[in-house]
Structures are given as structure tokens and as C-alpha cells.
Amino acid sequence: MKTLVLGGYGNFGARISRALAGDPGIELLVAGRDAQRATAFAASLGGGARGVRIDVQAADFASTLRELGAQLVIHTAGPFQGQDYRVPQAVAAAGAHYIDLADGRRFVCDFPSAQDAAFRDAGRTAISGASTVPALSSAVVDRLTAGWQGIRSIDICIAPAQGAPRGEATLAGVLAYCGEPIRVWQGGRWIEQPGWADPVEVEFARMKPRRGALCDIPDLELFPVRYAGVQSVMFRAALEVGLAQHAFAFMAFMHRMGLLPAPQKLAPLLHSAGGVFDALGTALGGMVVRVEGTDARGMPARRAWHIAADDNHGPEIPCMAAILLARRLARGDDALPVGAHACAGLLALSEFEPEFAHWGMVTDVVEEKGAATA
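One numbering rule holds for all chains: residues counted from 1, following each sequence as written. Residues qualify for local features only when their pLDDT is at least 70, as the model is predicted, and side-chain atom pairs are given and counted only at 80 or more; totals for whole chains, interfaces and linings, by contrast, use all residues. Each side-chain value is derived from all of the structure's non-hydrogen atoms; neither hydrogens nor water enter the calculation.

Engineer: Tell me about the overall build of the chain, and please be specific about residues and values.
Structural biologist: Numbered from the N terminus, helices here are DSSP runs of H or I no shorter than four residues, and strands are runs of E no shorter than two. Broken down by element type, the chain carries 12 helices and 16 strands. Each radius of gyration is computed over the set of C-alpha atoms, and the globule rule expresses the reference value as 2.2 Å times the number of residues to the power 0.38. The globule rule puts the C-alpha radius of gyration for 374 residues at 21 Å, and the 20 Å found for the chain is close to it. For the chain, the C-alpha atoms occupy an extent of roughly 55 × 50 × 40 Å along the three principal directions. Three exposure classes are used, based on accessible area relative to the maximum for each residue type with a 1.4 Å probe and protein chains only: buried under 20%, partly exposed in between, and exposed over 50%. Within the chain, buried positions represent 54% of all 374 residues. Note on definitions: a residue-residue contact is assigned when non-hydrogen atoms from the two residues lie within 4.5 Å. Here the contacts in the chain between residues at least 6 apart in sequence split such that 73% fall between residues at least 24 apart. A residue counts as positive if it is Lys or Arg and as negative if it is Asp or Glu; His and the chain ends are not included. Charge placement uses NZ in Lys and CZ in Arg. For Asp and Glu, CG and CD serve respectively. For the chain, the separation between the mean place of its 34 positive charges and that of its 38 negative charges on side chains is 1 Å.

Engineer: An account of empty space enclosed by the protein is requested, with residue identities and associated values reported.
Structural biologist: With a 1 Å grid laid over protein atoms only, a set of points is called a cavity when a 1.4 Å probe fits there but cannot get out and a pocket when it is open yet has protein on both sides within 12 Å along at least five of seven lines; lining residues have an atom within 4 Å of a point. Grid points are joined across faces, edges and corners, and a volume is the space filled by probe spheres set on the points. One pass over the full model with this rule turns up 1 cavity of 30 Å³ or more. Roughly 40 Å³ of internal volume is contained in the largest cavity. Looking at the lining of the largest cavity, the elements that each hand over two or more residues are strand E13 (285-294), strand E14 (300-309) and strand E16 (362-367). The nonpolar class holds Ala, Val, Leu, Ile, Met, Phe, Trp, Tyr, Cys and Pro. Asp, Glu, Lys and Arg form the charged class, and all remaining residues, Gly among them, are polar. Here the lining of the largest cavity is composed, by residue class, of 7 nonpolar, 2 polar and 2 charged.

Engineer: Give me the lowdown on a nonpolar patch on the surface, citing residues and values where you can.
Structural biologist: A surface patch of nonpolar side chains, amounting to about 440 Å² of accessible area, comprises Phe250, Phe253, Met257 and Leu259. Position of phenylalanine 253 among the secondary structure elements: in helix H9 (residues 242-256). Residue classification places phenylalanine 253 among the partly exposed residues on the basis of a relative accessible area of 42%. Patch membership requires over 30% relative accessible area and the absence of a salt bridge. Like charges are linked within 9 Å, and nonpolar side chains (Val, Leu, Ile, Met, Phe, Trp, Tyr) within 5 Å. Under the convention used here, a 1.4 Å probe and the Shrake-Rupley method define accessible areas, while residue burial counts only the protein chains that appear. Here a salt bridge means any side-chain nitrogen of Lys or Arg lying within 4 Å of a carboxyl oxygen belonging to Asp or Glu.

Engineer: With reference to specific residues and values, describe the layout of surface pockets.
Structural biologist: Of the voids in this model, the second largest pocket is the one considered here, and its volume is about 280 Å³. What lines the second largest pocket is a set of 17 residues, among which Gln81, Arg105, Arg106, Tyr177 and Asp216 lie closest to the centre. Only helix H5 (105-122) and strand E8 (181-186) provide two or more residues apiece to the lining of the second largest pocket. For the lining of the second largest pocket, the element with the highest residue contribution is H5, accounting for 4 residues.

Here it is, written out as C-alpha cells:
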């Protein structure tokens with residue numbers, strides 16, 4: 001399958017390109033706006049990978065995809081917060097499958113209704129959010145609650161390593177909702193809380209506790225619908241260096257006061273300055289998913305899934321779902337549904353486990369006591 005990775009030499013695109021370059025069922029095209037970078041990176045991969053220049057803003061974008069013969073386009077060129085659907089629209093017009101790594105709430109949650117008709121007409125599969133959230137997060141919740149009579153709360157926290165490579169686009173995406181009101185499902189109703197404000201302590205199985213703050217992701221909207229009866233859904237991000245976490249909380253406060261109208265404009269400065277904190281952190285990052293509810297016997301239950309990623313391998317995790325889905329499409333897996341879908345429930349946790357092992361990541365499932373944090 002001729003697979004084009006858009007942003008294929010970027011922070012996440014490069015990881016996906018490396019993983020797919022050696023797959024015998026995939027002919028890889030590394031695509032981006034810089035032809036020289038795309039060509040040089042593709043040459044470093046071997047396996048017949050080829051670099052191509054593509055401008056998604058060009059009027060002939062869809063025809064370029066057709067001329068290249070792309071059968072699958074993997075869109076990694078974020079940030080997706082505020083991004084329109086011109087890329088998936090062009091992919092559908094070109095008659096190709098589509099996968100993206102979007103974590104923008106509106107982009108992912110509105111994707112099925114906005115794009116389903118075009119991809120059904122094309123007879124192709126389109127999947128948005130093939131990343132840590134909601135692809136991996138939903139797989140974890142499904143595993144933890146298998147057989148349960150009901151789920152009361154879901155609490156997720158991602159804790160990146162300070163030393164892990166940081167993408168400027170990713171940073172701009174998370175800054176876009178710094179201090180912004182975020183709709184959160186708590187106590188069986190929608191309330192608003194400010195992004196990145198009021199961090200709370202979160203415990204991890206193989207890392208020291210960190211303070212995590214609310215971030216705006218698709219799960220906050222998808223999970224109250226997917227898991228009927230759930231009363232609370234929360235997602236936080238916990239930076240390793242406390243000073244950095246406090247800096248985000250301060251920017252959230254400044255934005256709420258009207259003194260910092262566009263925090264995302266600070267992304268280039270913060271990206272270049274982030275290395276100042278690296279000496280205070282480590283190469284260890286991770287994630288925890290906590291669920292509380294009623295188990296198969298009708299008894300109260302609280303369970304947590306943890307993953308620890310050392311050696312700055314954490315950024316591999318957001319790439320795994322796209323890699324797994326691309327391989328399934330390349331081998332002609334007809335279990336993936338035609339049309340446009342958010343990536344919740346399309347992958348089982350067992351499919352991720354070989355990828356975790358490949359990168360030396362360790363997972364734990366812990367039976368916990370007490371009420372879940374909301």
C-alpha cells in the first residue's frame with residue numbers, strides 16, 4: 001500500500017515513517033513542505049522510501065495525491081486545534097484512506113459527522129485521533145472495565161519526561177486552551193473549568209507523584225457518550241519539573257485576567273527555552289488511567305493502568321495507533337469500518353503491547369482502594 005506520511009520528517013511523523021519504512025506491505029512516501037528535508041530523511045530510512053514536497057494549502061493538493069498514487073495518507077502536521085478539514089477532504093477526493101494524530105477536541109469530535117459522507121462515497125476508511133487519546137486511552141478503559149456492570153468515573157493523566165523531544169506545534173496546541181474554559185463532565189453534568197489551572201497531585205506506579213492540570217482533549221466529550229452512565233471524566237497533563245507546571249498555571253491565570261490574550265503565540269519562545277529545565281528532569285515519562293465503578297459481581301471497584309517509558313521513548317506512544325492501523329490497512333484488514341470515525345474502540349490494548357515491549361516500556365494494572373479523583 002502506497003502510504004504518504006504528511007509531516008513525515010517532523011517530531012511524530014519521523015517516528016511513524018521509521019516504523020513503516022521496513023514494512024514489506026508498505027511503499028512509503030515522506031511528505032512535507034521542504035523537498036530537501038523530505039528527500040534526505042527518506043534516503044536515511046532505506047527500504048525504497050521516497051521524499052516528496054506537498055503543500056496542503058495548494059489548490060491542486062487532491063490532484064497531487066492522485067498523481068502520487070497515495071492509497072493511505074497519515075496526517076501528522078499539527079497543531080490540530082483550530083485546523084480545518086481541507087486535508088481529509090482532499091484525501092477523500094483522491095480516493096485514499098486517511099489517518100491522523102489529532103488531539104484537538106473539536107477536530108476529532110466533529111470529524112465523523114463532517115467527513116463520513118465523503119469517505120463512504122469513496123469506499124474508504126478515515127480515522128481521526130489515532131494517538132494516545134482517544135485511541136490508546138479508550139483501549140485501556142475497555143480492558144480495565146471488561147465485564148463491569150457500570151463505570152462511574154474515568155481519570156487520565158499523561159506525564160511526559162522533561163528530556164523527551166518537544167515539538168513546537170504540539171506546544172502551540174496545548175497552549176491554545178491555557179486559561180480557556182473547558183467543558184468537563186463531572187457529577188453527571190457539564191461544568192466549565194480553566195485549562196492548565198489549579199494542578200493537583202497524581203500518583204504513578206513507577207514514577208514520583210506529579211501535579212497535573214486539566215487539558216482539553218477529545219476524551220472529555222467522547223467518553224460520556226461511549227461509556228453510558230459514567231458520571232465523571234477527567235484528563236490532566238503533569239509536567240515533570242514543578243517550575244514548568246507552575247509557569248503554565250501562571251499563564252492560565254494571566255489569560256483569564258485578559259493580560260495574555262494568545263498564549264499559543266509564546267510557543268516558539270517556550271520551545272527554545274524548554275531546554276533550560278532539562279537538567280532538572282529525567283528521561284522517564286508515563287501515563288495512568290484510573291477507573292471506578294461496579295464490577296461483574298456488583299461490587300465497588302477501582303482499578304488503574306500505568307505505563308512507564310524510559311530513555312525519552314515517551315513520544316513513541318502517540319504514534320503507535322497510526323502505525324498499527326496503517327499495518328492493518330496494508331494487509332487488507334476489512335474489519336476497519338468504511339466512513340469517518342473517531343479512533344475510540346478501534347484498537348484493543350493487546351495490539352499495543354508488542355509496541356510497548358519493543359520500546360522497553362513497562363505496564364502495571366493496580367487494584368486500588370478509595371474513591372476516584374474527580
